[in-house]
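The residues making up each chain are set out below.
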2 protein chains.
Amino acid sequence: MIRTKQRELIKNAIMESNTHPTADELFQKIRIQLPTISLATVYRNLNMLASDGIIRKIEMPDMPDRFDWRMTVHDHLYCEKCGKVFDFTLSNALDKQIEEVSGMQVKQYNLIAKGICSDCMKKL
Amino acid sequence: MIRTKQRELIKNAIMESNTHPTADELFQKIRIQLPTISLATVYRNLNMLASDGIIRKIEMPDMPDRFDWRMTVHDHLYCEKCGKVFDFTLSNALDKQIEEVSGMQVKQYNLIAKGICSDCMKKL
DNA sequence: AAACAAAATGCAAATAAATCTCAATTTTTC
DNA sequence: GAAAAATTGAGATTTATTTGCATTTTGTTT
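What counts, and at which threshold
Residues numbered from 1 in each chain as written. Chains lettered and ligands numbered in written order. Predicted model: local features only at pLDDT ≥ 70, side-chain atom pairs only at ≥ 80, totals over all residues. Heavy atoms only, no water. Buried < 20%, exposed > 50% of the residue type's maximum accessible area, 1.4 Å probe, protein only. Helix = DSSP H or I, 4+ residues; strand = E, 2+ residues; numbered from the N terminus. Pairing = 2+ DSSP bridges. Domains from an automatic or database assignment. Contact = heavy atoms within 4.5 Å. Salt bridge = Lys/Arg side-chain N within 4 Å of Asp/Glu carboxyl O. Polar contact = N/O pair within 3.5 Å; in protein donor to acceptor, adjacent residues only side chain to side chain. Nonpolar A, V, L, I, M, F, W, Y, C, P; charged D, E, K, R; others polar. Buried area = accessible area lost by both parts, 1.4 Å probe.

Participant: I keep staring at the pairing of strand 3 (residues 75-79) of chain B and nothing clicks. Help me out?
Facilitator: Remark: a regular strand shows side chains that alternate across the two faces of the sheet. All names here are of chain B. Burial within strand 3 is extensive, with five of its five residues counted as buried. Burial along strand 3 is two-sided: D75, L77 and C79 and H76 and Y78, pointing in opposite directions, are all buried. Here four bridges tie strand 3 to strand 4 (residues 85-88), and the two strands are oriented antiparallel to one another. Bridging across to strand 4, H76 finds its partner in D87. The loop that links strand 3 with its antiparallel partner strand 4 comprises five residues; one of these, G83, has a positive phi angle of about 80°.

Next comes the structure, spelled out in structure tokens:
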């Protein structure tokens, strides 16, 4: 894989993030350092990095995808109040259980919870 | 809620379905009986029915939403071979567990597994 | 059942996210 | 440093869904 300035910046931007940014958020951030970069390049590189197993694409239901540098098994919770995305880890992964109850072969699963984060709960 | 011919047809079409159809699939089907119906009406009514708790909208990651008449707690598996969507039910719902490990208040969750259904496995 | 208000419809245009096309540029290879 | 390979930027395109609005349909009132 060829190394370009833009790929470097994109990778760094995710690695430094802890907000599960969208492609556009990353684009806006990187733009400050490299104003000529295009959104298409951001998308392209994010997809490359994801399919190379460097980062993870979080396919959010009916909202823009987000990207995560954390590659250990975990799932996500979207706070309906503040819009932030948080990580959580179930005591045991669901693959096996899903295979048992469905009789199908599970390659991966996507689990997104919606609710209210602890910060936002305090504010009520 | 006013009763119209189109709402009736839309509701019936889902209730009779067992393929977790998309809005467009329903549109194409209903069109045969009522050629003047518009896709916007289908979307509008599906959303109404869903927010009234009559049907359930399945927000699929990066593909068109699907609709389900089954209102009991269950999740979905998408077969990557045939594209069909299947139901499965975990031995216990995840809300509690997610709340425990995340410390947040869970309103709902969206769990979609991707894999290969038993029919398609036989064909390999 | 005529008249009025409220709700729903169809159509076209708008939106939003993501991908694609392709000429120009950059990076690697030889 | 020339040729080949990969990547980029910019804009057009695609797909799913929503919205605006004039028109029609439905429900309500008398």
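Participant: Explain the pairing of strand 5 (residues 105-116) of chain A to me, please; I cannot follow it from the model alone.
Facilitator: Most of strand 5 of chain A is tucked away: nine of the 12 residues are buried. As judged from the four bridges shared by strand 3 (residues 75-79) of chain A and strand 5 of chain A, these two strands associate in the parallel manner. Note that in strand 5 of chain A the partner of L77 of chain A across the bridge is A113 of chain A. With 11 bridges joining them, strand 5 of chain A and strand 5 (residues 105-116) of chain B adopt antiparallel strand pairing. For N110 of chain A, the partnering residue across the bridge sits in strand 5 of chain B and is I112 of chain B.

Participant: How should the domain arrangement of chain A be read in this particular structure?
Facilitator: Interface size, as often reported, equals the accessible area lost upon joining of the parts. Residues and elements named next belong to chain A. When its domains are assigned, chain A resolves into domain 1 (5-68) and domain 2 (75-117). Distance from the C-alpha centre of domain 1 to the C-alpha centre of domain 2: 22 Å. Listed per partner, the contact involves nine residues of domain 1 and 10 residues of domain 2. The interface formed by domain 1 and domain 2 contains zero salt bridges. Linking domain 1 to domain 2 there are three residue pairs in polar contact (both at pLDDT 80 or more). When residues of the side of domain 1 that touches domain 2 are traced back to their parent elements, those giving at least two are strand 1 (56-58) and strand 2 (66-68). Within the side of domain 1 that touches domain 2, the residues separate by chemical class into four nonpolar, one polar and four charged.

Participant: Would you take a moment to explain the interface of chain A and chain B for this structure?
Facilitator: On the chain B side, the residues contacting the 35 residues of chain A number 35 residues. The three residues of chain A that bury the most area against chain B are M104, Q105 and K114 of chain A, which together make up 18% of that side's buried surface. Here chain A and chain B share four salt bridges between them. With a shortest N-O distance of 3.5 Å, E80 of chain B and K107 of chain A are connected by a salt bridge. Run the count over chain A and chain B and you get 10 residue pairs in polar contact (both at pLDDT 80 or more). For the side of chain A that touches chain B, the elements supplying multiple residues, two or more each, are strand 4 (85-88), helix 4 (95-102), strand 5 and helix 5 (118-122) of chain A. Tallying contributions element by element places strand 5 of chain A first for the side of chain A that touches chain B, with 12 residues. Here the side of chain A that touches chain B is built from residues that sort into 17 nonpolar, 11 polar and seven charged.

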